[in-house]
Amino acid sequence: MGDDKAAILQGTLDLMVLKTLDAMGPMHGYGIARRIEQIGEQALQINQGTIYLCLVRLVQKGWITAEWGSSINNRRAKFYAISRAGRRQLIAEAQDWKRISSVIDRLLLQGSRR
Amino acid sequence: MTRWRQWLGRLWAHVRAGRLDREFDQELESHVALSTDDYVRAGLSEDAARRKALLDVGGATSLAEQHRSVRGLPVLDVMQQDLRDGLRVLRHRPAFAWLAILTVALGVGATTTLFSVAYGVLLKPLPYPAEQRLVRLSETRQGGTVSARPFLSRPTFDAWQQHMTTLEGLAGWNAESVTVTIQGGSPERRRIVTCTASLFAVLQTYPVVGTVFGTDAETPGNDRSVLIDYATWQGRFGGSADVVGRTVEIEGETTIVIGVMSRGFHFPDATTSMWKPLDRTKRLVTAVGRLKDAATVDQAADEGTARSRTAPDMGSLGTAIFGSNGPSRVTATPLRQAVTATIRPGILLAFTAGLILIVVATLNVAGVQLARAIARQKEFAIRAAIGAGGGRIARQVLVENAIIGIAGGLCGLVLAVWLNSLLPKLGPQGMTRLEDVSMDWHVLLFMMALTIAVSIVCGLLPATLAHRVRMLTALADDGRAPASGGLRTRVSRTRWLLLAGQAAMAAALLTGASLVARSFVAVLAADRGYEPHGILTARLPLPAREFSKERRVVVLDEIIARLTSVPGVTHAAATDILPLIDLEFPRSFAMPPPGGTNRPVTVQVMSRTVSRDYFATLGMRVIDGRGFGDADTRESLPAMVVNRTFVQRYLGGRSAVGVTVPIRWSATQAARVIIGVVDDVRQHRAADPPQPEAFACYCQIPEGLLTDIPAIAARTAADPLAYAGTLRDVVHDVAPTASLDSIATMNDRLDASVSGLRTSVTLFAAFGVFAVLLVGIGLFGTLSYNVVQRARELSVRVALGAQSTDVLRVVAGPVVVALVCGMAVGIPTALAAGRYFREFLFGVTTFDIVTVVAVTGVLLIVTIAASLLPAVRAIRSDPIQALRSS
């Protein structure tokens, strides 16, 4: 990318979206994108549009639900909410993530031979 | 689970694509609006905010594209696209599309129908549990020369039934035609079966209502019980549950209904509606056995042979029945095979013709498609140039062909269903197992496989061509260069081969049609030893209960006398066996060789008991001595007439008149004197070898007439059927209680006997004509295409001084050669295959010069007709015009 922002790791966007919806309650796509950008503190490079591809996938898998509603400033928007299956998936994926990241952490903590 | 859900979601999204696209647009729009709001709040101008918001989202079009592919099923999208393109291409050339669909439809329809017949008759199991273990058993004696029907003698049957090691069960039956009266209705003639009680256990089929009879019912006088079929129960007894115990009259005897067979039960075929106990004293039975699990057909035959040799000797009766008293032999045949033996060759022949037809149709469509693919080279190249992969283009071509194949297949299915409903009329009369022919899933499967195969074969050649499209040559080429003319490229060689293949197949079909048609004509025209035109025939049952043997003679003589006095009736006669109606049994006796001292010869002869004027009535030729006359009475010397074959086989061809033969027609007459010789008569088929025959007049037999179902024949001056009413009146006057049965002209009987051959002729002729039409169309298409494609080359040739003949040679030469090569392969192949269907041929040799000439002629005429228009166009091509236009 030739950029100092990290590209989002394949498959982690799902986890981010699920966790965001779990933590914040129902949100529209723009809100989710903004939220992830804020948490990432500009360290993440996110193409806002790709959020929607992720959302379609999650809806089809039955992990989130979608419904049209009104935003605070009275704009019509599609609101997404996490489903019960989505929560189960979130727990599972979060555990996976923790396990893998701890492995990577330990690997990175090894001293260098040079 | 989640995977399935997602897949279904995608499928659903595919269906609602339009709505979801709009919704996604709205969602993006709302996203941009929300984002713009935020930027405005952060202090940007409205325009700048919106621009920045749009930038954040990314390219909307590519996003929508990605969204669609994540959401739906991209494969389906592409397929839909292909389908749309394919349909569009076909719509542009509707004439071509319809012609191709029609071609495939006719091919698939005809072949599917024939498959349904072949499957239903030959392959479908008979409607009995584990029917593959059922075997037909028949007995012959070594030295027996006359053809007999497949029977077991009762002693063999009994001996075997008492000790069965290879069989689980053994049953015997006979088919009979009887007069039945149901529920006080009018008497009707029905085919019934008399069978041993074991039949139902052997077939493993039992009544749905009531029970079967026991072995005790097989003794005479104890046999007054009957099982009826489902249709009779529903139709004549209203399906009432208390049908058991009701009575029907069979041959005037009150018989109790003891059960009803299930709806699909047929035995031995669908024409039989009642089953009665078999009289144990009958000396012959048709036998069916059920093999034990471990036993084979051959083992059963061996056991049967062994049992029959331990059975009590039938003495002279055995000789009379089997034509010899030699060691007996039992053969076993799987029942389904035995039932369909006579019809199998015809069905296989027809099915082969159907397969040839579908191959012609496929080659035809493939050839046309290939031509179109060549014409579309440029289109393919352009597509490839703007980014379509070779695979994509090839798939496009395949899809186009699949559309034709599937549309053709579906139309073919409709055609097949329609043809199936017409089968009772189209097929030969009284076809075996016709009731088992149906459009079931086997047939559907066959039709689908056929359709897919046809689609693939039709599409494969053009698809390969599309796949290998050479972009530069195709685009640089002006599309009218002679590149594909003649036989210079692989594509044009392929097309040449396709045409030659079609010509070969069509020639083969035509050859078959010609051979069968010529046989049919020969069969109709064949000398059968009697004159079938102008004879009215009927059967007159005279049951023993009412008509004693002497009384029958009186009744028949009276009927004959009255008939002869009717104006327009020239002769009338009665007999026990009429050609085309009856199966017969030989009579056998030992005769000292006339004039010699050698060992006596065993004579096997078909005997007929006739009235005086029989030969004149049938139009048989007396070739020596005389026929029966008024001089032959009970008081005169017992006389007999024999046929030509009898004289040749047993009298060494010497003059037979005056020879005394020790044949026992009556218990009181030890011999008869030959008074005349008649020419041989073909009893059933024109191709049957003649059998030795002997005739006696019932007027000279003291006992009277033995048969209880004599036949009456009347020769009339005008249309015989016009005398049917007269015949009925006469019979009613003379014997009011007797009723005539199966009134028909001899010509009609002859017609019915050749209906199988007629079906073959019709089928072959129709297929042959269709194939020839296809060849004509293919030829016309190829030539027209050649002329258009090579217009410039031809112009140059003409400009350089080529004559019309040269132009013709260039345009039509290779194509005509293809046709001739096709014929040169097709006709000899069909003639050589003729020996596999020799039983359909009569009066023609398998190398029939008339057929060769006729087929060649027809194909040449078609060739000329199809090439006329393109040839004229080629000759008239104006060099200036053609050169200027390109």
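Residues numbered from 1 in each chain as written. Chains lettered and ligands numbered in written order. Predicted model: local features only at pLDDT ≥ 70, side-chain atom pairs only at ≥ 80, totals over all residues. Heavy atoms only, no water.

Asks: I'd like to hear about the side chain of A:Gln48, residue by residue, with values.
Replies: Mapped onto the fold, A:Gln48 is located in helix H3 (residues 48-61). Polar side-chain contacts of A:Gln48 include one of 3.5 Å to the side chain of A:Glu37. If near-sequence neighbours (up to four positions away) are discounted, A:Gln48 is found in contact with A:Tyr30, A:Ala33, A:Glu37, B:His31, B:Asp56 and B:Val57. (Helix = DSSP H or I, 4+ residues; strand = E, 2+ residues; numbered from the N terminus. Polar contact = N/O pair within 3.5 Å; in protein donor to acceptor, adjacent residues only side chain to side chain. Contact = heavy atoms within 4.5 Å.)

Asks: Help me get a handle on a nonpolar patch on the surface, residues and values and all.
Replies: Taken together, the side chains of A:Ile100, A:Val103, A:Ile104, A:Leu107 and A:Leu108 make up a nonpolar region of the molecular surface, amounting to roughly 480 Å² of accessible area. With respect to the helices and strands, the residue A:Ile100 is situated in helix H4 (residues 84-109). (Patch = residues over 30% accessible without salt bridge, like charges linked within 9 Å, V, L, I, M, F, W, Y side chains within 5 Å. Areas by Shrake-Rupley, 256 points an atom, 1.4 Å probe, with all protein chains shown as cover. Salt bridge = Lys/Arg side-chain N within 4 Å of Asp/Glu carboxyl O.)

Asks: Now, about the interface of chain B and chain A: what can you tell me, with residues and values included?
Replies: At the junction of the two partners, chain B supplies 27 residues and chain A supplies 24 residues. If you sort the residues of chain B by the area they bury against chain A, B:Glu27, B:His31 and B:Leu34 come out on top, with a joint share of 27%. Counting the contacts that link chain B with chain A gives two salt bridges. With its nearest N and O atoms 2.9 Å apart, the salt bridge here joins A:Arg75 to B:Asp37. For the pair chain B and chain A, the interface holds nine residue pairs in polar contact (both at pLDDT 80 or more). For the side of chain B that touches chain A, the secondary structure elements donating two or more residues are helix H1 (2-15), helix H2 (17-41), helix H3 (46-57) and helix H4 (60-71) of chain B. With 13 residues, the single largest contributor to the side of chain B that touches chain A is H2(B). Grouping the amino acids of the side of chain B that touches chain A by side-chain chemistry returns eight nonpolar, 10 polar and nine charged. (Buried area = accessible area lost by both parts, 1.4 Å probe. Nonpolar A, V, L, I, M, F, W, Y, C, P; charged D, E, K, R; others polar.)

Asks: Give a detailed account of the sheet that holds strand S4 (residues 64-70) of chain A, specifying residues and quantitative values.
Replies: In spatial order, the strands read S2-S5-S4 (chain A); together these three strands make up an open sheet with antiparallel pairing. A strand with exactly one partner marks an edge of an open sheet, and here the two such strands are strand S2 (27-28) and S4 of chain A. Examined bridge by bridge, S4(A) and strand S5 (residues 76-82) of chain A share seven bridges and lie antiparallel to one another. Paired with A:Glu67 across the bridge in S5(A) is A:Phe79. Its contacts with the sheet place H2(B) against S2, S4 and S5 of chain A, and it is angled at close to 100 degrees to S5(A). (Pairing = 2+ DSSP bridges. Axes fitted to C-alpha atoms, helices over the stretch in contact; angles between N-to-C directions.)

Asks: Now, about the pattern of salt bridges: what can you tell me, with residues and values included?
Replies: Residue and element names in this part refer to chain B. Tallied over the entire structure, the rule returns 35 salt bridges over all chains. With a closest N to O distance of 2.7 Å, glutamate 188 and arginine 236 form a salt bridge. Here glutamate 188 is found in strand S4 (residues 188-195), whereas its partner arginine 236 is found in helix H9 (residues 230-236), with 48 residues between them in sequence. By relative accessible area, which is 22% here, glutamate 188 ends up partly exposed. With its nearest N and O atoms 3.0 Å apart, the salt bridge here joins aspartate 679 to arginine 621. Linking aspartate 679 in the loop between strand S19 (672-678) and strand S20 (693-697) with arginine 621 in the loop between helix H20 (614-618) and strand S16 (622-625), this pair joins segments that are 58 residues apart in sequence. (Buried < 20%, exposed > 50% of the residue type's maximum accessible area, 1.4 Å probe, protein only.)

Asks: Outline H3(B), supporting the account with residue identities and numerical values.
Replies: Every α-helical turn comprises 3.6 residues, leaving residues that sit three or four positions apart pointing alike. Residue and element names in this part refer to chain B. Helix length check: H3 (12 residues) gives 17 Å between terminal C-alpha atoms against 16 Å at 1.5 Å per residue, within 8%. The complete set of buried residues in H3 reads Ala49, Ala53 and Val57. All buried residues of H3 project into a common sector of 70 degrees when viewed along the axis, lining one side. Turned more than 90 degrees off the buried face of H3, the exposed positions are Asp47, Arg51 and Leu55. (Expected span 1.5 Å × (residues − 1). Arc of directions from axis to C-beta.)

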